[in-house]
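Structural overview
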Amino acid sequence: GEFDEKSWVQTVEDIRSKKHCLEEVIFSGGDPLSETNDKLDRYLGEIREIDHIRFIRIHTRALTFCPMRIDEELASILKRHRVNAIHLNIAHVREIVTPEFQKALALLRKDAEIPHIRAHTPFLRGVNDQIWTLKKLFLGLYEKGIDPYYLIHAFPHTATASYHRPSVRQGADFMRRLKRNITNGAMPEYIIAPIGGKITVSPEFYGTPEFQYETRGDGWPQVRATNWRGEWIEYLDSP
């Protein structure tokens, strides 16, 4: 539902109550940087005041969608509240070569003093479903000091996701081939993120008790795998 003051107060109270099991808070999507600097200053400050929260992370697409959002005022807010990590949503190497991106990245690194800057890459049909495209992107990120963190198979519960998904097997094959051709520091983890929990995808997992790639009775390919709770998740793949 729509974010409101009551929801925020309840969220902070819930985080405070989890003293023995919670150490990191992630500000994520929508996009937290769509909020004003004043609101971000308040939200980050209230979280940083909680003693057992050691880490604050922000997920954003602002550097490629609206890089001018990263200004000196925002950088000072991030520095003041000791934001530990920023994860950027980046789909193509063209997004990281603009002067605007470079300026925003420099503000995060030098002015905001963010220790960890990483990238999440959605695996998308017609955008980056060629091995050379992913190779250029991962190496370009690594060269700029951005850690390629996740290659994410498009979320199945996102509207129209089925039109944008390559196959899981194709992604796993790309990762297997790239593993032998680029530096290991430029290799992200390839994951499926279905409802029920993140699943790591690797060609070595096929046929193991925890990961099955099969064809259903109607001819559609399907992944069956266990999540971190040991629960089985079924994920309908693209043909």
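Residues numbered from 1 in each chain as written. Predicted model: local features only at pLDDT ≥ 70, side-chain atom pairs only at ≥ 80, totals over all residues. Heavy atoms only, no water.

1. Some words on helix α2 (residues 37-48)
For α2, with 12 residues, the first-to-last C-alpha span of 16 Å sits near the 16 Å given by 1.5 Å per residue. For α2, the full list of buried residues reads N37, L40, Y43, L44, G45, I47 and R48. Those residues of α2 that are buried lie in contact with α1 (5-17), β1 (24-27), β2 (55-60) and α4 (72-80). (Helix = DSSP H or I, 4+ residues; strand = E, 2+ residues; numbered from the N terminus. Expected span 1.5 Å × (residues − 1). Buried < 20%, exposed > 50% of the residue type's maximum accessible area, 1.4 Å probe, protein only. Contact = heavy atoms within 4.5 Å.)

2. Side note on the packing of α1 against α2
Relative orientation of the contacting elements α1 and α2 amounts to 20 degrees, with a least axis distance of 10 Å. For the element pair α1 / α2, the angle class is roughly parallel. α1 and α2 meet at a crossing whose hand is right-handed. Contact residues: α1 offers E5, W8, V12 and I15, while α2 offers R42, Y43, E46 and I47. Taken together, the residues of the contact of α1 with α2 break down into five nonpolar, no polar and three charged. (Axes fitted to C-alpha atoms, helices over the stretch in contact; angles between N-to-C directions. Parallel < 35°, antiparallel > 145°, perpendicular 65-115°, else oblique. Left-handed = near helix turned anticlockwise from the far one by under 90°. Nonpolar A, V, L, I, M, F, W, Y, C, P; charged D, E, K, R; others polar.)

3. Some thoughts on the sheet that holds strand β8 (residues 211-215)
Judged by pairing direction, the sheet is antiparallel, and its three strands sit side by side in the order β8-β9-β10 without closing on themselves. Two strands in the sheet have a free side with no partner beyond their single neighbour: β8 and β10 (232-236). Across the sheet, the axes of successive neighbouring strands diverge by a mean angle of 20 degrees, strand direction being ignored. Strand direction decides the pairing type here: strand β9 (residues 221-226) and β10, joined by five bridges, are antiparallel. Among the inter-strand pairings, A225 is bridged to a residue of β10, identified as I233. (Pairing = 2+ DSSP bridges.)

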